[in-house]
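Summary of the model geometry
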Amino acid sequence: MIKTLETMYYVINHVKNYNTYHLTEEGFLYVKQGSPEFNVLKYIFKKVKCTMDEIKKEFGKEGDIGLNILFKNKTIELNKLDKSISCSKNGKKSNGFTLNNITEDVTQKYLDKINTYGEKENILFEKICNNGLVKNANNIIQELKKRKLIEIKKNSYSYIIKTNRFETQIKKNITDLNYLLLKNDEYTKYSIKKYNFFSSGKKINKGNLHLLTKQMKAFKDIFISLGFEEMNTQNYVESSFWCFDALYIPQQHPSRDLQDTFFIKEPEKCQNDFIDNFYINNIKKIHTYGDYDSYGWNYNWQLEESKKNVLRTHTTANSCRTLFNLAKKYKKQGYITPKKYFSIDRVFRNENLDSTHLAEFHQIEGLMVGERLGLSHLIGTLTAFYKYIGIHQLKFKPTFNPYTEPSMEIYGYHEENKKWLEVGNSGIFRPEMLLSMGFSKDVSVIAWGLSLERPTMIKYNIKNIRDLFGYKSVV
Amino acid sequence: MPTVSVKRDLLFQALGRTYTDEEFDELCFEFGLELDEITSEKEIISKEQGTVKAAGASDVVLYKIDVPANRYDLLCLEGLVRGLQVFKERIKAPVYKRVMPDGKIQKLIITEETAKIRPFAVAAVLRNIKFTKDRYDSFIELQEKLHQNICRKRALVAIGTHDLDTLSGPFTYTAKRPSDIKFKPLNKTKEYTACELMNIYKTDNHLKHYLHIIENKPLYPVIYDSNGVILSMPPIINGDHSRITVNTRNIFIECTGTDFTKAKIVLDIIVTMFSEYCENQFTVEAAEVVFPNGKSSTFPELAYRKEMVRADLINKKVGIRETPENLAKLLTRMYLKSEVIGDGNQIEIEIPPTRADIIHACDIVEDAAIAYGYNNIQMTLPKTYTIANQFPLNKLTELLRYDMAAAGFTEVLTFALCSQEDIADKLGLDISATKAVHISNPKTAEFQVARTTLLPGLLKTIAANRKMPLPLKLFEISDIVIKDSDTDVGAKNYRHLCAVYYNKNPGFEIIHGLLDRIMQLLDVPPGEDKGGYVIKASEGPAFFPGRCAEIFARGQSVGKLGVLHPDVITKFELTMPCSSLEINIGPFL
């Protein structure tokens, strides 16, 4: 009952354990008559010398008990010659005997104390110890218990305190609320089982976005907030023309090697009429002899080579298509409408795979079309863009890209790692590329690109790209 | 990006001062180079072959420097030093001179047999050169770097350098049947025919990469001297007879190839770099090349040309405001000797033979910007007013992506490339029925085709995550690719949405419920009326019989849903029932 009340937090129960000590029948007898050892000793002392038979005759069974104890304590001794018993010289001092007198019956004394104070353990021990004169109170008690002169009873008592949640009526205990209990405040009749707040919650059934698409969205938001328009990049298969030739990448360029690019077996080549001849001829011209104040690459440009389909190696192929469409509009209207474009989409490289390289990854690309755009504008735009992704310090390294000139590699200072990391590539599109589309010399396009995976890996401290992208990435 | 490794101490000696690693790194950065690695031969060998083999190797400090792919003039210590010294205005750019010999000019006669295999050749002579071990090593290393880069692994151009004193001109560049070519090649002790050599070199780790260039041709290119000694069989190997050594004083250089422009550039680079060690510094002896048509030209070209660029164009393109005089100074530091002429706004720039990368004014603008310092340019934000916009299909994808996750499904992102098996055999289809785009040069089976369905990617993801607690509810919204002769490239992407439910029970009702939710989000009501959607019993090899339905929305079939066939489940190494849904979301725009 108390325990139930306790689990309901009505009361707090303090339990205390203690012993009580009681004399047995034999014990009572000794208190009245004196202990057998004392009585026997007294007899021996009086007679000075006596035989065992005499004692047995005098005391009966009690005589045996007395003799046993007295022999054990070496209080008396047996003369081996005449089989007589006498007080031992050594023993007289102990157990309250002196040589000439018998002072007191110790056993009787303790039994008497136990009889008087047996209910109160503390006082009893104090009395036995007799102000510290006796040290082994517990031994004495145990000895008496062994002789079955006393009994020890174990007792306990409860000390019960009312809590502030104490009620005079007991409510029914329930584990949790339910809808039935809410009706008419039914729940107030019940006491609700306490929660264990140290356990963990149940695994929730959740849906999730992929880390990369989340990051993709973050970049998209930056572009949108800076006024950029998203390009159509919805074709993985691209002709070499758009992927390389239109970007003024010569046909022997290493990026067009089988080792670097996935070529398509089926459909092997793009359609014959994939683009108007005017543009094809311009491209042929700038590669073969050069034009627009450019000396060109000076080699035998092949149309068939440019028709070979590939999986796009960069989304710049799509940027090129977008710019070509803009150029058509430009030629029609005769002036340029400034444009800002962006795209984030998948590109493909026939690379050897390792912990940072996959055959597929996502490219982020931004470009601005306008008159009189220069490197200072590119630097300004990049500074604004990278600030959004938490990179506040940038520096720029000259580099070479086949389709941009000037070109700048972008390095960002990583605050946590305290080092400069390459965070992108950028430049101004070459005039050979833009003029052959039909733009005038005054139109320039500044552009930059980076991968989506790399900043994501840095942000989330992911060491292996497969943990981020692919079948094994954690669901 | 090519990497040049140079001995640090040698480099500092040539630069006339020492740098700390950090200082040199900074200098590189500014100039557009990258100090990629600081190492030593010992370190390289111990990394590649273990410390035991590296025991005897040199521990001289090496700088590995990344050089832009179009700067062939920086591919050796000599060029790097010259470029940096001019950049730092410690020396003036040397002027390279071509001179006629006192005696007879060396001639290289090209026969018409070369036309079909390797039609071009150019040549030059370096007189009274003085090599040391380091210079000689650098000379060999430069040829290797050029071979790997501008020469496109010897396919476009191959270089041969010979001890002229062991030969006697005129030389003949011709093409012969492999069995008719016999000589002692470099580093061999006896003569072999070309056929034998091609076999021997199949196991040569270095040379085997070049064999394909001529292997199946009826005639192989070969160069003879007037005594019939073979100088080289380009692009494979030189003859041992004319091999150069540290002690060689006069060098005959020939470059053969399929790209005339590049052959000329390569020759110019070699002679400009190493004429530094000739008795008459930076002076190169001309050689005459006689073409099959009887005409002849002298090489190297070592052409200097003048370009004119307006100062305001440079200022505008870079976004700076420098005086023409200052711009001319900046350009001169980039090895482009420049001066202000005409109305005071024109800059005349001299392009030296080492700077073949300058093909347009924009290349000159870049050099001015580099010399000015990219990081000194004041940034400005373009003052253009534009309106942001999203590609509608991507916008729809994004919205659906969030709602799919909100419906308790987890997004995955899988590869667009996969094996034929994944999209055909494993789904019970014939590959020809998939209209898939095929890759011609996949390195592994995982890159054979572009996916035509998202389902295999999701099933492979489940297989890789079998330890996760059930049920697994996954989705992906990505592009698939189908051959399509109506597009310019002959293939088209479609944006698909695929979802799978994987548990102890198939859970068709869950996938069906998901479809209902998607349609609700797309504002497509249930029902066959125009604009609505229905599902109709259907069949499909990937589905369990009677557990497949086709989805029709807005009057067209957009996809299927159903319980996967146990064969499919087994083939993807799964053990539980699975239901799936895949639709094309394009029609819902």
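All values reported here derive from a predicted model rather than from experimental measurement.

Further remarks concern the overall build of chain B. Per the secondary structure count, chain B includes 16 helices and 29 strands. In terms of C-alpha radius of gyration, chain B reaches 33 Å, well past the compact-globule figure of 25 Å for 589 residues. Principal-axis analysis of the C-alpha atoms gives chain B an extent of 95 × 65 × 55 Å. Looking at chain B as a whole, 55% of its 589 residues are labelled buried.

This paragraph deals with the nonpolar core. Of all hydrophobic cores here, the largest spans 136 residues; its most connected members are A:Tyr386, B:Phe24, B:Leu146 and B:Phe274. Of the residues forming this core, the biggest block, nine residues, is contributed by helix α8 (residues 260-274) of chain B. Those residues in contact with B:Phe274, other than ones at most four positions away along the chain, are B:Cys76, B:Glu78, B:Leu126, B:Ile129, B:Phe131, B:Arg135, B:Ser138, B:Phe139 and B:Leu142. One finds A:Cys243, A:Leu434, A:Val445 and B:Val489 within the second-largest nonpolar core, a separate group that totals 59 residues.

Quick look at the UniProt feature "domain: Aminoacyl-transfer RNA synthetases class-II family profile" (unreviewed entry) in chain A now. UniProt tags residues 338-467 of chain A as "domain: Aminoacyl-transfer RNA synthetases class-II family profile" (unreviewed entry). Counted over residues 338-467 of chain A, helix gives 22% and strand 45%. Its end C-alpha atoms are 40 Å apart.

Bringing helix α12 (residues 392-406) of chain B into the picture now. Counted at 1.5 Å a residue, the expected span for α12(B) with its 15 residues is 21 Å, and the 21 Å between its end C-alpha atoms agrees. Residues of α12(B) that are buried: B:Leu393, B:Asn394, B:Leu396, B:Thr397, B:Glu398, B:Leu400, B:Arg401, B:Met404 and B:Ala405. Residues of α12(B) that are buried in the fold lie against α10 (211-225) and β8 (229-230) of chain A together with β20 (410-411), β24 (472-483), β25 (491-502) and α15 (508-521) of chain B.

Turning next to the pairing of strand β1 (residues 3-7) of chain B. Consecutive residues of a regular strand have side chains that alternate between opposite faces of the sheet. All names here are of chain B. Residue alternation in β1 divides its side chains into a buried set, Val4 and Val6, and an unburied set, Thr3, Ser5 and Lys7. Where β1 meets strand β3 (residues 61-66), five bridges bridge the pair, whose relative direction is antiparallel. Along β3, the bridge assignment pairs Lys7 with Leu62.

We now examine the confidence of the model for chain B. Low pLDDT marks stretches whose predicted atomic positions should not be read closely. Model confidence for chain B is summarised by a mean pLDDT of 93, while 100% of its residues fall at 70 or above. For this predicted complex, the interface confidence comes out at an ipTM of 0.89, alongside a pTM of 0.79.

A word on the domain arrangement of chain A. What the domain assignment reports for chain A is domain 1 (13-157) and domain 2 (214-467). Taken over C-alpha atoms, the centre of domain 1 of chain A sits 110 Å from the centre of domain 2 of chain A.

This part takes up the sheet that holds strand β18 (residues 337-341) of chain B. Residues and elements named next belong to chain B. Taken in spatial order, the three strands make up an open sheet running β17-β19-β18, and their pairing is antiparallel. Edge strands, defined here as strands with exactly one partner in the open sheet, are β17 (305-310) and β18. Neighbour-to-neighbour, the strand axes of the sheet open up by a mean angle of 25°, direction not taken into account. Pairing geometry for β17 and strand β19 (residues 346-351), over six bridges, is antiparallel. Residue Lys306 lies in a different strand from β19, and its bridge partner there is Glu350.

What follows is about the pattern of salt bridges. For the structure on display, the rule yields 54 salt bridges over all chains. A salt bridge links A:Arg147 to A:Glu37; the shortest N-O distance between them is 3.1 Å. Linking A:Arg147 in the loop between α8 (137-146) and β5 (150-162) with A:Glu37 in helix α3 (residues 36-47), this pair joins segments that are 110 residues apart in sequence. The salt bridge partner of A:Lys217 is B:Glu398, with a shortest N-O separation of 3.3 Å. Note that A:Lys217 is positioned in helix α10 and B:Glu398 in helix α12, a pairing that runs across two chains.

All names here are of chain A. Applying the stated criterion across every chain, the model contains 43 aromatic pairs over all chains. Between Trp242 and Tyr279, the ring centres sit 5.7 Å apart and the planes meet at 45°, which makes this aromatic pair tilted. One end of the pair, Trp242, is in helix α11 (residues 240-243); the other, Tyr279, is in helix α12 (residues 277-288), and 37 residues separate them in sequence. Grouping residues by exposure puts Trp242 and Tyr279 together as buried.

Okay, the sheet that holds strand β3 (residues 76-79) of chain A next. Each strand in a sheet pairs with another by means of backbone hydrogen bonds, the pair being arranged parallel or else antiparallel. Residue and element names in this part refer to chain A. Spatially, β2-β4-β3 is the arrangement adopted by the three strands of the open sheet, whose pairing is antiparallel. The sheet is open, and its two borders are formed by β2 (50-51) and β3, each paired with just one other strand. As paired strands, β2 and strand β4 (residues 84-87) are joined by two bridges and run antiparallel to one another. Bridged to Cys50 within β4 is Ile85. Docked against the sheet, helix α5 (residues 61-72) engages β3 and β4, running at close to 95° with respect to β3.

Counting residues at the interface gives 104 residues for chain A, matched by 95 residues for chain B. Summing both sides of the interface, chain A and chain B together bury roughly 8,500 Å²; the carbon and sulfur share of this comes to 58%. Between B:Lys483 and A:Glu266 there is a salt bridge whose closest N-O contact spans 2.3 Å. At eight residues, helix α15 (residues 375-388) of chain A tops the list of elements feeding residues into the side of chain A that touches chain B. Looking at the side of chain A that touches chain B, its residues break down into 45 nonpolar, 33 polar and 26 charged.

The subject of this paragraph is the packing of helix α9 (residues 311-318) of chain B against helix α11 (residues 361-372) of chain B. Residues and elements named next belong to chain B. Axis separation between α9 and α11 bottoms out at 10 Å; the angle between their running directions is 70°. On the basis of their axis angle, the class for α9 and α11 is roughly perpendicular. Considering only the axes of α9 and α11, their crossing is right-handed. Contact with α9, carried on its side by Leu313, Ile314, Lys317 and Val318, involves Ala361, Val365, Ala368 and Ala369 of α11 and no other residues of that element. Here the residues of the contact of α9 with α11 sort into seven nonpolar, no polar and one charged.

Analysis parameters
- Residues numbered from 1 in each chain as written.
- Chains lettered and ligands numbered in written order.
- Predicted model: local features only at pLDDT ≥ 70, side-chain atom pairs only at ≥ 80, totals over all residues.
- Heavy atoms only, no water.
- Helix = DSSP H or I, 4+ residues; strand = E, 2+ residues; numbered from the N terminus.
- Rg over C-alpha atoms; globule rule 2.2 N^0.38 Å.
- Buried < 20%, exposed > 50% of the residue type's maximum accessible area, 1.4 Å probe, protein only.
- Core = buried A, V, L, I, M, F, W, Y, C linked by side-chain atoms within 4.5 Å.
- Contact = heavy atoms within 4.5 Å.
- UniProt positions renumbered as here; feature names shortened; annotations may be inferred.
- Expected span 1.5 Å × (residues − 1).
- Pairing = 2+ DSSP bridges.
- pLDDT = per-residue confidence, 0-100.
- Domains from an automatic or database assignment.
- Axes fitted to C-alpha atoms, helices over the stretch in contact; angles between N-to-C directions.
- Salt bridge = Lys/Arg side-chain N within 4 Å of Asp/Glu carboxyl O.
- Phe/Tyr/Trp six-rings, centres within 6.5 Å; stacked < 30°, edge-to-face > 60°.
- Buried area = accessible area lost by both parts, 1.4 Å probe.
- Nonpolar A, V, L, I, M, F, W, Y, C, P; charged D, E, K, R; others polar.
- Parallel < 35°, antiparallel > 145°, perpendicular 65-115°, else oblique.
- Left-handed = near helix turned anticlockwise from the far one by under 90°.

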